[in-house]
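Take a look at the letters that make up each chain.
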Amino acid sequence: MSHPTLPWPERYRPLRRSAEVAFWAVLLLVQAAFNSVVTLIDLRSAGRPVAAWEPALWELSSVLVVGLLIPAIVAFERRFPLHWDTLRRHLPWHLLGSVAYCSVHLAGMMALRHLAYGAMGAEYRLNGPWWAQWGYEYLKDVRTYALIVSGLVGYRFLLLRLQGEARVLDTPESPAIPEASPATGSAAPEPAPSLPVHRPERFLVRKLRREFLIAASDIAWLQAEANYVGMHVNGHDYLVRSTLADFLTQLDPARFVRVHRSYAVNLDAVAEIEPLDSGDARLRMKDGSTVPCSRRYRGALAQPGTAA
């Protein structure tokens, strides 16, 4: 149950999946309704009498397949995210993705239309050869694909601005490498001393038009979220673009340990360990939140610094 004092991102989190599904469902159904009416009016104005159910069937079969493809597009965009620094590298993949999207969309809606017409004792016919139909549909589908991906990118950008995006503030300077001197003998050069691991002490958070600092020691727990890691700090969540494994290498292993495939905690922020019958555990944090702990990682709570 959501607590009234929780920040907006925390209150929205349990409803996020339902809200996203409802948004796409309403958008596609409204589009199908408007397109059905417009198509019916255009065909009858052109002297091509059609039953009222036919344009509705065409549009519903199309949006149904689009709706089923949206989770695949979401997963594909997560695998090849579009940012300024990845645009050149990932855009060709999305061009190929639009071709696959159009092909599956066309095959799926045609199959549904043939089945529906057959159930009504009628026959559905293509307007010309299949390759011409594919080309016609691709001109429409590439725009739909671009709009869906743009909507996903914009939605993620909005969530980041509302929730707050963090980055390392004090990036270490690269050590200077001395130039090699001319060889004076056959002795092998001495190995370079290992460099200390840089552990940032603070992060810069951008949230809407505000910027502020958070200390690494204030992070209570971490959660992997697709291409991001959510940092839970004083009841707020801030995202940093990284994997959980990579991010943990930047934190003190004596303080931060992994307790789950998707979670890590600050040992100083753990208030209680509640064992479960399954062998797993539930960690109650000092801020009142709870974090799952799988039995695979329970040993890390007793031996900090050894978590993978």
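Residues numbered from 1 in each chain as written. Predicted model: local features only at pLDDT ≥ 70, side-chain atom pairs only at ≥ 80, totals over all residues. Heavy atoms only, no water.

Observations regarding the overall build of the protein chain
To keep things clear, this is the line we draw: Secondary structure counts use DSSP, requiring at least four H or I residues in a row for a helix and at least two E residues in a row for a strand, with both numbered from the N terminus. Working definition: with a 1.4 Å probe on protein chains only, accessible area under 20% of the residue-type maximum means buried, over 50% means exposed, and in between means partly exposed. Pairs of residues are marked as contacts when any of their non-hydrogen atoms sit within 4.5 Å. Here the Shrake-Rupley method, with its probe set to 1.4 Å, supplies the accessible areas, and only the displayed protein chains count as covering residues.
Counting secondary structure elements, the protein chain contains seven helices and 11 strands. Per-residue burial over the protein chain gives 35% buried out of 308 residues. For the protein chain, contacts bridging at least 24 residues in sequence account for 57% of all contacts bridging at least 6. Element-wise, carbon and sulfur atoms account for 61% of the exposed surface of the protein chain, whose accessible area totals about 19,500 Å².

Details of the environment of His236
Mapped onto the fold, His236 is located in strand S6 (residues 236-241). On a C-alpha basis, the gap between His236 and Gly164 in space is 9.0 Å, while along the polypeptide they are 72 residues apart.

Structural notes on the sheet that holds strand S11 (residues 290-293)
Test applied: When DSSP finds at least two bridges between two strands, those strands are taken to pair. Where helices are involved, their axes are fitted lines through C-alpha atoms of the stretch in contact, as for all axes, and angles between N-to-C directions lie from 0 to 180°.
Taken in spatial order, the three strands line up as S9-S10-S11 in an open sheet, and their pairing is antiparallel. Both outer strands of the open sheet, strand S9 (270-275) and S11, are each paired with one neighbouring strand and no more. The mean inter-strand angle of the sheet, taken between neighbouring strand axes irrespective of direction, is 25°. By the bridge criterion, four bridges tie strand S10 (residues 281-285) to S11 in an arrangement that is antiparallel. Within the sheet, the bridge partner assigned to Arg284 lies in S11 and is Thr290.

Regarding the nonpolar core
Spelled out, the test is: Take the buried Ala, Val, Leu, Ile, Met, Phe, Trp, Tyr and Cys residues and link them wherever side-chain atoms come within 4.5 Å; each set so joined is a nonpolar core.
Residues Val66, Ile70, Ile73, Tyr101 and Ile148 are the most contacted members of the largest nonpolar core, which totals 26 residues. Of all the secondary-structure elements, those providing two or more residues to this core are helix H2 (16-45), helix H3 (53-79), helix H4 (87-119) and helix H5 (130-163). In terms of residues, this core owes the most to one element, H3, which gives eight residues. Judged by nonpolar contacts, the second largest core, of 19 residues, contains Phe203, Ile219, Phe247 and Phe256.

A closer look at the sheet that holds strand S7 (residues 256-258)
Taken together, eight strands build an open sheet; the order of strands is S3-S2-S1-S6-S5-S4-S8-S7 and the sheet is mixed. Only two strands of the sheet have a single neighbouring strand rather than two, namely strand S3 (210-215) and S7. Strand-to-strand twist in this sheet, taken as the mean axis angle between neighbours without regard to direction, amounts to 30°. In terms of strand pairing, strand S1 (residues 165-168) meets S6 through two bridges, oriented parallel.

Focus: H5
So the rule is basically this: To estimate the expected span of a helix, count its residues, drop one, and scale the result by 1.5 Å. The reported bend at a residue is simply the angle between two axes, fitted to the 7 residues ending at it and to the 7 residues beginning with it.
Its 34 residues give H5 an end-to-end C-alpha distance of 47 Å, which sits within 8% of 50 Å, the value for a rise of 1.5 Å per residue. Where H5 bends most, at Tyr138, the angle is about 30°. Within the span of H5, buried status applies to Gln133, Glu137, Tyr138, Asp141, Tyr145, Ile148, Val149, Leu152, Arg156, Leu159, Leu160 and Gln163. One or two steps after H5, the chain reaches Gly164, where phi turns positive at roughly 105°.

Digging into H2
Since one α-helical turn is 3.6 residues long, residues separated by three or four positions face the same way. Here H2 spans 44 Å end to end across 30 residues, near enough to the 44 Å set by a 1.5 Å rise per residue. Trp24, Leu28, Ala32, Ser36, Leu40 and Leu43 are the residues of H2 that are buried. Among the structural elements, H3 and H5 are those in contact with the buried residues of H2. In the stretch just after H2, Gly47 is the one whose phi turns positive, near 80°.

Concerning the packing of H3 against H4
Quick reminder of the rule: Working rule for handedness: look at the near helix, and if it is turned counterclockwise from the far one by less than a right angle, call the crossing left-handed; if clockwise, right-handed. Ten residues, namely Ala, Val, Leu, Ile, Met, Phe, Trp, Tyr, Cys and Pro, are considered nonpolar, four, namely Asp, Glu, Lys and Arg, are considered charged, and the remaining ones, Gly among them, are considered polar.
H4 packs onto H3 with a crossing angle of 150° between their chain directions and a minimal axis gap of 9 Å. Handedness of the H3/H4 crossing: right-handed. Per-class residue counts for the contact of H3 with H4 are 16 nonpolar, seven polar and four charged.

Notes on the confidence of the model for the protein chain
Definition in use: A residue's pLDDT is the predictor's confidence in that residue, given on a scale from 0 to 100.
Overall, the prediction assigns the protein chain a mean pLDDT of 82, with 83% of residues at 70 or greater. Overall, residues 1-5 carries pLDDT values under 50, and its contacts beyond four positions in sequence, including any with other chains, amount to four contacts. Per-residue pLDDT stays below 50 along residues 304-308; that stretch engages in 11 contacts with residues further than four places along the chain or on separate chains.

Description of the packing of aromatic side chains
Selection rule: Centre distance within 6.5 Å is the pairing criterion for rings of Phe, Tyr and Trp, where only the six-membered ring of Trp is used; planes under 30 degrees apart are then read as stacked, over 60 as edge-to-face, and the remainder as tilted.
Going through the model one piece at a time under the given rule, you end up with nine aromatic pairs. Ring plane angle 55° and centroid distance 5.1 Å describe the contact between Phe76 and Phe80, whose orientation is recorded as tilted. In this structure Phe76 comes out as partly exposed when scored by relative accessible area, which is 25%. Plain terms: the ring middles of Tyr117 and Tyr124 are 5.2 Å apart, the flat faces sit at 50° to each other, and that makes the pair tilted. A connected cluster of aromatic rings, assembled from ring pairs, spans Trp53, Tyr117 and Tyr124.

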